[in-house]
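# Survey of secondary and tertiary structure
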Amino acid sequence: MKVIQVRDFNDLGKKAADIIANCVKRNPKAVLGLATGSTPKTTYKELIRDHIEKGTSYRQIRTVNLDEYVGLPKNNPNSYHYFMREELFNSIDLLEENIHIPNGSAPNIYDECKAYDGLIESMGGVDLQILGIGRNGHIGFNEPGTSFEETTHVVDLTLDTRKANARFFNNLEEVPTQAITMGIKNILQSKTILLLASGREKAEAMAHLLNTNNVTSAFPASSLHQHDHVTVIADEDALSLVYRLERRA
Ligand code: PGA
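Predicted, not measured: the structure shown is a model, and the values here were computed from it.

Under the definition given, this model contains four aromatic pairs. Centroid distance tyrosine 69 to tyrosine 80: 4.8 Å. Interplanar angle 40°. Geometry classified as tilted. Of this pair, tyrosine 69 sits in strand β4 (residues 67-69) while tyrosine 80 is found in helix α3 (residues 80-87), placing the two residues 11 residues apart along the sequence. Taking the relative accessible area as the measure of exposure, tyrosine 69 reaches 1% and is therefore buried. Its relative accessible area of 9% is what places tyrosine 80 among the buried residues. Considering the side-chain rings of tyrosine 69 and phenylalanine 169, the 5.8 Å spacing of their centres and the 80° angle between planes classify their relative orientation as edge-to-face. Of this pair, tyrosine 69 sits in strand β4 while phenylalanine 169 sits in the loop between α5 (159-165) and β8 (178-181); the two residues are 100 residues apart in sequence, bridging distant segments of the chain. Take tyrosine 69 and phenylalanine 169: they sit in the same class, and that class is buried.

This is how it looks when you write it as structure tokens:
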């Protein structure tokens, strides 16, 4: 696992966008695995800037998002469909038909999971997967205890995760109780992975991830130790409790 330390949230966005834009230029038909949440926001902002200023094109790029809440319509401002449009898709030249996000309002969410696995496979897998990390070590919505063999599935969100995400809703009751998420198996099948972390509130999780190489389902992000091409980009605050680190700029 390669770790790149950056100064702050803005620098995180610049570094991550640099890596993603380079991937797109090297492989204009790449499949990008995308994430939502606060963490990728500066990254998406920088990708938009790069698209406008340098003309990096996404016309042949296909995207698959990690997860979506169950029961929120696509036009709900808290849905991940909405988030992705606002934060990235509306501002780059990605084609509508190449955008894929699990449908949390599908009539049968279990069939939707199967179809999503099939979709990823039919695209030849993900070339570059972007991940955030939850305070409890979740990646996507794979909560502690999830088997590493899981593919796309329906999860019951933990109270901790719902509380962490309640800041986007009017109150905790409004936060959906379930989500559809790619499984850890899907994530580990990505060719390369970029894990992003920013802020003091991620410091314990980053210490958990980086201070040992222990792999345990109790801390889902530890599964990434089993993958050969993971790059972590994290800022000083997020790495403030990590002591076993050869930091690379
Ligand atoms: P955040 O969420 O980027 O909003 O902190 C990350 C995650 O929970 O995976």
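The next point concerns the site of the ligand. The ligand sits among Gly37, Ser38, Thr39, Gly132, Ile133, Gly134, His138, Arg167 and Lys202. Separating an oxygen atom of the ligand from a side-chain N or O atom of histidine 138 is a distance of 2.6 Å. At a separation of 3.0 Å, an oxygen atom of the ligand approaches a polar side-chain atom of arginine 167. Here the ligand, which alone exposes 280 Å², has 83% of that area covered by the protein. Cavity membership is defined here by more than half of the atoms lying within 2 Å of grid points; on that basis the ligand lies in the largest pocket.

Criteria and thresholds
Residues numbered from 1 in each chain as written. Predicted model: local features only at pLDDT ≥ 70, side-chain atom pairs only at ≥ 80, totals over all residues. Heavy atoms only, no water. Phe/Tyr/Trp six-rings, centres within 6.5 Å; stacked < 30°, edge-to-face > 60°. Helix = DSSP H or I, 4+ residues; strand = E, 2+ residues; numbered from the N terminus. Buried < 20%, exposed > 50% of the residue type's maximum accessible area, 1.4 Å probe, protein only. Near = heavy atom within 4 Å. Polar contact = N/O pair within 3.5 Å; in protein donor to acceptor, adjacent residues only side chain to side chain. Areas by Shrake-Rupley, 256 points an atom, 1.4 Å probe, with all protein chains shown as cover. 1 Å grid on protein atoms, 1.4 Å probe; cavity = no way out; pocket = protein on both sides within 12 Å on 5 of 7 lines; lining within 4 Å. Sits in = over half its atoms within 2 Å of the grid points.

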